[in-house]
Amino acid sequence: MEKKDFMKRAIELSIENMDKGGGPFGAVIVKNGEIIAESGNSVTIDNDPTAHAEVNAIRLAAKKLGSFDLTGCDIYASCEPCPMCLGAIYWANISNLYFANNQNDADDIGFSDKFIYDEIAKNYTKRKLKTQNMMREHALKAFDIWKNKQDKIEY
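Keep in mind the model is a prediction, meaning the values are calculated, not measured. (Residues numbered from 1 in each chain as written. Predicted model: local features only at pLDDT ≥ 70, side-chain atom pairs only at ≥ 80, totals over all residues. Heavy atoms only, no water.)

A.B. asks: I'm lost on the sheet that holds strand β1 (residues 26-31) in this one. Help?
C.D. replies: Strands in a sheet are paired, the pairing made by backbone hydrogen bonds, and the direction either parallel or antiparallel. Within the open sheet, the four strands sit side by side as β2-β1-β3-β4. Their pairing is mixed. One side of each edge strand has no neighbouring strand; the edge strands of this open sheet are β2 (34-40) and β4 (96-101). The sheet shows a mean angle of 15° between the axes of neighbouring strands, taken without regard to direction. Contacts from helix α1 (residues 3-19) reach β1, β2, β3 (73-79) and β4, with the element oriented near 150° to β1. Strands β1, β2 and β3 of the sheet are contacted by helix α3 (residues 53-65), whose axis makes an angle of about 140° with β2. (Pairing = 2+ DSSP bridges. Helix = DSSP H or I, 4+ residues; strand = E, 2+ residues; numbered from the N terminus. Axes fitted to C-alpha atoms, helices over the stretch in contact; angles between N-to-C directions. Contact = heavy atoms within 4.5 Å.)

Next up, the structure:
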């Protein structure tokens, strides 16, 4: 299969997903030229705001491979990933990202991420979400333990 075949599948998933009650988004994860995971968006189906197509596909791929590190995998998304999904793609160490629709296309149908990108760029004290840093000194104990833990699995 070629790149365009994987993208066609992601787009097919985005269309099929609407018939299941989900949003118009699909994602496919490929390793060594083979689809290892695919999913649509299931936010409204699962009542889970994190159940975007990309996150769902990452969870399936990680489970299938038995690893949280998806180095060597590519992701094909029917739309440019939102900030959450983009973060998940980076955290999973996915090697390449390909997308079809872009942010402006998503914005045109009511899926705008601009406010999140704007908020992330601000200092936490300036964000719309009231945020307060508290008990840092107490919480640093966990980080000190982690820092000195000899048998930790780094990620």
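Read on, since the account is not over.
A.B. asks: What exactly am I supposed to notice about the packing of aromatic side chains here?
C.D. replies: Pairs of aromatic rings are described using the distance from one ring centre to the other and the angle between the two planes. Throughout the structure, instances matching the rule amount to four aromatic pairs. Their ring planes at 50° and their centres at 5.3 Å tell us that Phe 6 and Tyr 76 sit as a pair that is tilted. Of this pair, Phe 6 sits in helix α1 while Tyr 76 sits in strand β3, placing them 70 residues apart in sequence. Overall, Tyr 76 belongs to the buried group, its relative accessible area being 3%. Aromatic side chains Phe 25 and Phe 111 sit 4.9 Å apart centroid to centroid with 90° between the ring planes, which places their arrangement in the edge-to-face category. In this pair, Phe 25 is assigned in the loop between α1 and β1 and Phe 111 in the loop between α5 (103-108) and α6 (114-121), connecting sequence segments 86 residues apart. In this structure Phe 25 comes out as buried when scored by relative accessible area, which is 14%. (Phe/Tyr/Trp six-rings, centres within 6.5 Å; stacked < 30°, edge-to-face > 60°. Buried < 20%, exposed > 50% of the residue type's maximum accessible area, 1.4 Å probe, protein only.)

A.B. asks: How should the environment of Trp 146 be read in this particular structure?
C.D. replies: Here Trp 146 shows up in helix α7 (residues 136-148). Judged by relative accessible area, Trp 146 falls into the partly exposed class, the value being 37%. Residues contacting Trp 146, with those up to four places away along its chain left out, are Lys 152 and Ile 153.

A.B. asks: Before we go on, may I ask you to explain unusual backbone geometry in this structure?
C.D. replies: With the exception of glycine, most residues fall at negative phi, and the peptide bonds are largely trans. A positive phi angle, near 50°, is found at Asn 47, a position not held by glycine. Among the secondary structure elements, Asn 47 is positioned in the loop between α2 (43-46) and α3. For Met 135, which is not glycine, the phi torsion reads 60° and is therefore positive.

A.B. asks: Whenever I open this one, the packing of α3 against helix α4 (residues 83-91) confuses me. Can you help?
C.D. replies: Helix packing for two helices is described by the angle between their axes and how far apart those axes are. The interhelical angle for the contact between α3 and α4, taken along N-to-C directions, is 25°, at an axis separation of 8 Å. When the axis of α3 is compared with that of α4, the two are roughly parallel. Relative to α4, the crossing made by α3 is left-handed. Counted together, Glu 54, Val 55 and Ile 58 of α3 and Met 84, Cys 85, Ala 88 and Ile 89 of α4 form the full contact between these two elements. Of the residues assigned to the contact of α3 with α4, the class counts are six nonpolar, no polar and one charged. (Parallel < 35°, antiparallel > 145°, perpendicular 65-115°, else oblique. Left-handed = near helix turned anticlockwise from the far one by under 90°. Nonpolar A, V, L, I, M, F, W, Y, C, P; charged D, E, K, R; others polar.)

Structural measurements only, silent on function.
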